[in-house]
Every structure is written in C-alpha cells, then in structure tokens.
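Each chain is listed here by its residues.
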Amino acid sequence: MSRARRTLSLLAGCLALSLGSGPLAQADPAPRDEAAAAPFCYDEPSQPTADVSDLKAAFTGANWMRTLQAMYQRRWPSGEKLAIAQAKDQYWDQFVNKRSFNGFAESMMVAIHEETHMWDLDPSRTKWDVSIAAWINGSQQAMQVPVHGGFPRKEILPLIKDRLTASMDDTYLRDRTQGEYRLQGVLAEQNAGLTGLPAVTVVHEFIKGVGASNARDIAATNLRYLLLYLRVAKDRHPDYWAKIKAEPKLRELVLTQFLRTAYWLEKSAPYTGVVGGPDADKITKTNYAPENIAVLEEFTGRKVRVDAQRHCTAD
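For clarity, every value in this text was computed on a predicted model and none was experimentally measured.

The rules behind each value
Residues numbered from 1 in each chain as written. Predicted model: local features only at pLDDT ≥ 70, side-chain atom pairs only at ≥ 80, totals over all residues. Heavy atoms only, no water. Phe/Tyr/Trp six-rings, centres within 6.5 Å; stacked < 30°, edge-to-face > 60°. Helix = DSSP H or I, 4+ residues; strand = E, 2+ residues; numbered from the N terminus. Buried < 20%, exposed > 50% of the residue type's maximum accessible area, 1.4 Å probe, protein only. Lys NZ or Arg CZ within 6 Å of the ring centre and 35° of its normal. Core = buried A, V, L, I, M, F, W, Y, C linked by side-chain atoms within 4.5 Å. Contact = heavy atoms within 4.5 Å.

Enquirer: Any chance you could explain the packing of aromatic side chains here in plain terms?
Expert: In this description, an aromatic ring pair is defined by two values, namely the gap between the centres and the angle between the planes. If you walk through the whole model with that rule in mind, you get 14 aromatic pairs. Centre to centre, the rings of F59 and F104 are 5.0 Å apart; their planes meet at 35°, and the pair counts as tilted. With a gap of 45 residues between them, F59 in the loop between α2 (53–58) and α3 (64–75) and F104 in helix α5 (residues 101–106) connect regions that are remote in the sequence. Geometrically, the ring pair formed by Y263 and W264 is edge-to-face, given 5.2 Å between the ring centres and 90° between the ring planes. We classify W264 as buried; its relative accessible area is 1%. Taken together through their ring pairs, the aromatic side chains of F59, F101, F104 and F206 make up a single cluster. Over the ring of W119 we find R125, and its NZ or CZ is 4.0 Å from the ring centre. Against the face of Y288 rests R310, its NZ or CZ located 3.9 Å from the ring centre.

Enquirer: Explain the nonpolar core to me, please; I cannot follow it from the model alone.
Expert: Across soluble globular proteins, nonpolar side chains show a tendency to be buried alongside one another. Of all hydrophobic cores here, the largest spans 92 residues; its most connected members are Y72, W92, F104, M108, L183 and F258. With 13 residues, helix α9 (residues 215–236) is the single largest residue contributor to this core. Other than its neighbours up to four places away in sequence, F104 contacts F59, W64, T67, L68, M71, V96 and N97.

Honestly, that's just the spatial picture; any functional story needs more than this.
Structure representation (structure tokens):
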C-alpha cells in the first residue's frame, strides 16, 4: 500500500502468504462502555536514551535482525515484539539498509512501516473491506474490526484547503488506484505510518540523512485523512456513517489511534528536523480544528483533551 506502486505489488504478493504471528499473544480488549468509562491516556514503554553503543560497534550486514530486536528491546519493546512476530517475512531485506548502523537505524521508518502493513494485512487477520486488524503496540492489537466497505478516500480532497500534505495527497488521494481505496486503506496507512514514527524517534541520534525526515509529517497527515473521512461519511454518506458508528470495535480503534498519534507526536517533537519538518505541527493544528474534534467525539462517544495532554480523554 505504501511507497506507491512498488510496495503495492509486494503487499499483493504477501496477501497470498501466511506470515504467522510468532510467539505473541494477540490482545483484543473488549470495547469500553462509553457511559461508564473513566478518562484514560494512551501510553507505551520507550527509553530513547538506553545505551546501544555495543550494538552499533558490533553491527554487520549479517546480524541486522538480531541487532534490530536487541536495539528495540532496550529502547522500544513494541518494536522488538513486532520484529519477532514478523521475523520470517521474506520482504524485510527489501526495506532494511545493512551498509552501516546509522543507515540501518534510519531505514527503520520504512521497514517498520512496511512490516506493520504485512502484519495487519495478513489474510489470516484481515478480510479486505470487511474487517481489519491493526498492530498498535506490543501488548495491544485490534482484531476483526468491521469496516463495511465505505467510499473512495479521494472524496476527502475538497476538504483539504492547503498544500501542507500535497505530496501525500498526490500519492494516496489523487492516484488512480490509491484514491479508490476505502476505509480499509485509510486505517491501514494510518496505522503503518504511525508505527513508523516511534521506530525512528527512539533512534533519532543515529539519523543523519533524509530517509526518516518526514516521519512526524506522515503520522499527522494520516490522522488528517482519517478525520476528514469521518466528516465526509457523516455529511455525504449517512447510511454508511450510521453503520460504522454502530461498531464498538471501530469506535475504539479510531479513539486509540487519535490518542496514540498525539502521544508519539509529542514524544518526537524534540527531534523535529530529524524525524519531521515544521509542517507536521501545522498539519496537527488543522487536525484539532473544531469541526474535526466534533466529528471525532461524535463518532467515538468520548471527549478528548486539546491542551498539553492531548493523548488523553477528557471524560
């Protein structure tokens, strides 16, 4: 799905395979009862200052998977668990830079992004345009989330009034194939982009090039697409809006992803310029426009905080 047509062909091949989930318990928590739910905040273990100097010194092109798992075990345990779950995927090699440790760390934005796709879109978990899966973190994965088809995501284009996301708009909304993807595509790309952000946030000091320089922008843009998709659903497709709004698992996933995006954008903010540009914060500002927050809260049934604690609900 991502990296335009090249990766589309990879995923098409992958959908015919059973990649297996590895030694990982898949969490599928019951949706919260909105009427009784207490405020909560998204959180996830990470330690971006943990020492990995020994891993850098010992890195070779042959030990990259062992290095990947050890690096994330220390700095981002969810990344380690995803790597374990996907260790046998034959496509890893195409996403990983093995020439140097710095290049390796930088390539993790793409590698983790794509391996999230591979996990999410495995046919044992996802039935295209019917129900989806989403790797959220090492202890939480959404399973069998109904999406009921939907409408082409290109329909959100009239709501985008700026050029902040123009390059991604051209790929995901204006492209003849990509623009036709429905809610399945919006959610899958949002999840992969969001997982790619912590993958490089926690190794920010090793990133010297441009391979991960738009990680924050990607996360903010994909949240924009999700919020605008909900607005178009409500305004132009009322029957579909009613159908997806009646799905507790989908409401739960949308809320989680909104809070999770806020969490990782905050965690990565100190590294703007390395894992994202200034446009990421401008996109985020538009995401918090009243009309976007209103549709999110109506859809999820929860109030969200719009202050410094944006990764939390307000009720």
